[in-house]
Amino acid sequence: MAIHIHSKREVEKMWASGRLAGQVLEFIEPHVKPGVTTDELDRRCHDFIIEHGAIPAPLNYKGFPRSICTSINEVVCHGIPGDRTLKDGDIINIDITTILDGHHGDTSEMFVVGETTDKARKLIDVTRRSMWLGIKEVAAGKRIGDIGAAIATFARGEHGYGVVEAFCGHGIGRVFHTAPQISHVGRRGTGMRMKAGMTFTIEPMINEGTHECHVLDDGWTAVTRDGGLSAQTEHTLLVTDHGYEVLTMRDNAFSL
């Protein structure tokens, strides 16, 4: 699949969609609390996206039935919202993708429901830091493999966590998922060279135990093989001549 290099006008549209996706996360954060169902979170996000003139990209995408993904505790990614009620101590990833003026903005964040354990908080912190270490490898002329190498060296090498290999980041623009694939366990000096105007996501999924996961019978929900916790964070990036721009950055969001 060919790599798309975005024009100035297309970049402006990616900025707008990315900014909206980030705003959805800001909007939903106060509602992530004990007693709330993931269905309610989905409904609120859906309405917010529609009210802002956009479309929730996951809805009906290859048969996915909801507007956001809600991945709780051992769920690695693609959790389907439903009647599950959040309880004190849960950790949850909320994954948002908007389509605004034909362009996608894709981002996700971890939220703690009430009070949780120190080990869960550490997992989330390492996941956020690993994503940003990957982001800082982005620049025109550098290799795609450098991104995954930075993530794996930190999360797996320094902290002993499992870095999921079955799912990866991806090119994005007018198309939800396109080239290039962004592995989170790459090797330095390998892979294609990044070019200014490319847009893609970096979205490491970090498990407290094994990196292995499997998909449930619903065909979407991926869970850790050993039942351990998993965390994920995600941003959409633009490659520039001098480095990168984070298209989905939010006010007061974590960064290095």
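Residues numbered from 1 in each chain as written. Predicted model: local features only at pLDDT ≥ 70, side-chain atom pairs only at ≥ 80, totals over all residues. Heavy atoms only, no water.

A.B. asks: Which parts of the structure should I look at to understand the overall build of the protein chain?
C.D. replies: Each helix and strand counted, the protein chain has 4 helices and 15 strands in total. Its C-alpha radius of gyration of 17 Å places the protein chain within 12% of the 18 Å reference for a compact globule of 256 residues. With respect to the principal axes defined by its C-alpha atoms, the protein chain has extents near 45 × 45 × 35 Å. For the protein chain, the proportion of its 256 residues judged to be buried stands at 55%. Of all intrachain contacts in the protein chain linking residues separated by at least 6 positions in sequence, the fraction that spans at least 24 positions is 69%. (Helix = DSSP H or I, 4+ residues; strand = E, 2+ residues; numbered from the N terminus. Rg over C-alpha atoms; globule rule 2.2 N^0.38 Å. Buried < 20%, exposed > 50% of the residue type's maximum accessible area, 1.4 Å probe, protein only. Contact = heavy atoms within 4.5 Å.)

A.B. asks: Hey, could you run me through the sheet that holds strand E11 (residues 213-215) in this one?
C.D. replies: What links the strands of a sheet is backbone hydrogen bonding, and the strands pair in either a parallel or an antiparallel sense. Across the sheet, 3 strands lie side by side as E3-E12-E11; this open sheet has antiparallel pairing. The open sheet has two free edges, formed respectively by strand E3 (75-77) and E11, since each of these has just one partner strand. Neighbouring strand axes in the sheet, compared pairwise and without regard to direction, differ in orientation by 40° on average. Bridge count for E11 against strand E12 (residues 222-224) is 3 bridges, and the pairing is antiparallel. Its bridge partner lying in E12, Val 215 is registered against Ala 222. (Pairing = 2+ DSSP bridges. Axes fitted to C-alpha atoms, helices over the stretch in contact; angles between N-to-C directions.)

A.B. asks: I tried to follow the pairing of strand E4 (residues 91-100) on my own but got confused; where do I start?
C.D. replies: Consecutive residues of a regular strand have side chains that alternate between opposite faces of the sheet. Burial of E4 is extensive: 9 of the 10 residues sit out of reach of the surface. Bridge count between strand E1 (residues 55-56) and E4: 2 bridges; the pairing is antiparallel. Paired with Pro 56 across the bridge in E4 is Thr 98. In this sheet, E4 lies alongside strand E2 (residues 69-72) in antiparallel orientation, the contact comprising 4 bridges. Directly across from Ile 72, in E4, lies its bridge partner Ile 92. As paired strands, E4 and strand E5 (residues 103-112) are joined by 10 bridges and run antiparallel to one another. Each bridged residue has a counterpart across the sheet, and for Thr 97 the counterpart in E5 is Asp 106. The turn linking E4 back onto E5 is made up of 2 residues, and Asp 101 within it adopts a positive phi angle of 50°.

A.B. asks: Honestly, unusual backbone geometry in this entry has me stumped. Any pointers?
C.D. replies: In this model, Ala 179 is joined to Pro 180 through a cis peptide bond whose omega is 5°. Even without being a glycine, Asp 101 presents a positive backbone phi close to 50°. Relative to the helices and strands, Asp 101 resides in the loop between E4 and E5. Given a relative accessible area of 48%, Asp 101 falls into the partly exposed group.

A.B. asks: What should I look at first to understand the nonpolar core in this one?
C.D. replies: Of all hydrophobic cores here, the largest spans 30 residues; its most connected members are Ile 135, Val 138, Ile 147, Met 194, Phe 200, Ile 202 and Ile 206. For this core, the elements supplying multiple residues, two or more each, are helix H3 (118-135), helix H4 (145-158), strand E9 (199-202) and strand E14 (235-240). With 7 residues, the single largest contributor to this core is H3. (Core = buried A, V, L, I, M, F, W, Y, C linked by side-chain atoms within 4.5 Å.)

A.B. asks: Looking at this model, I keep getting lost on the side chain of His 170. Mind explaining?
C.D. replies: As for its placement among the helices and strands, His 170 is situated in strand E7 (residues 169-171). A polar contact is formed between the side chain of His 170 and the backbone oxygen of Phe 176, at a distance of 3.2 Å. (Polar contact = N/O pair within 3.5 Å; in protein donor to acceptor, adjacent residues only side chain to side chain.)

A.B. asks: How should helix H2 (residues 38-51) be read in this particular structure?
C.D. replies: The α-helix advances 3.6 residues per turn, and as a result positions three or four apart in sequence lie on the same side. Its 14 residues place the ends of H2 20 Å apart at the C-alpha level, agreeing with the 20 Å of an ideal helix rising 1.5 Å per residue. For H2, the set of buried residues is Thr 38, Leu 41, Asp 42, Cys 45, Phe 48 and Ile 49. What you see down the axis of H2 is that its buried residues fit within an arc of 135°, all on one side. Each element contacted by the buried residues of H2 is listed here: helix H1 (8-28), E1, E2 and E4. Immediately downstream of H2, the backbone of Gly 53 shows phi near 75°, a positive value. (Expected span 1.5 Å × (residues − 1). Arc of directions from axis to C-beta.)

A.B. asks: Can you help me understand the side chain of Asp 106 in this one?
C.D. replies: Topologically, Asp 106 is positioned in strand E5. No salt bridge is formed by the buried Asp 106; its nearest oppositely charged neighbour, Arg 250, is found at 11 Å. Within polar-contact distance, the side chain of Asp 106 engages the side chain of Thr 97 at 2.9 Å. Residues within four places of Asp 106 in sequence aside, it is in contact with Ala 21, Asp 95, Ile 96, Thr 97, His 170, Ile 172, Phe 176, Thr 201, Glu 234, His 235, Thr 236 and Thr 248. (Lys, Arg positive; Asp, Glu negative; His and termini not counted. Salt bridge = Lys/Arg side-chain N within 4 Å of Asp/Glu carboxyl O.)

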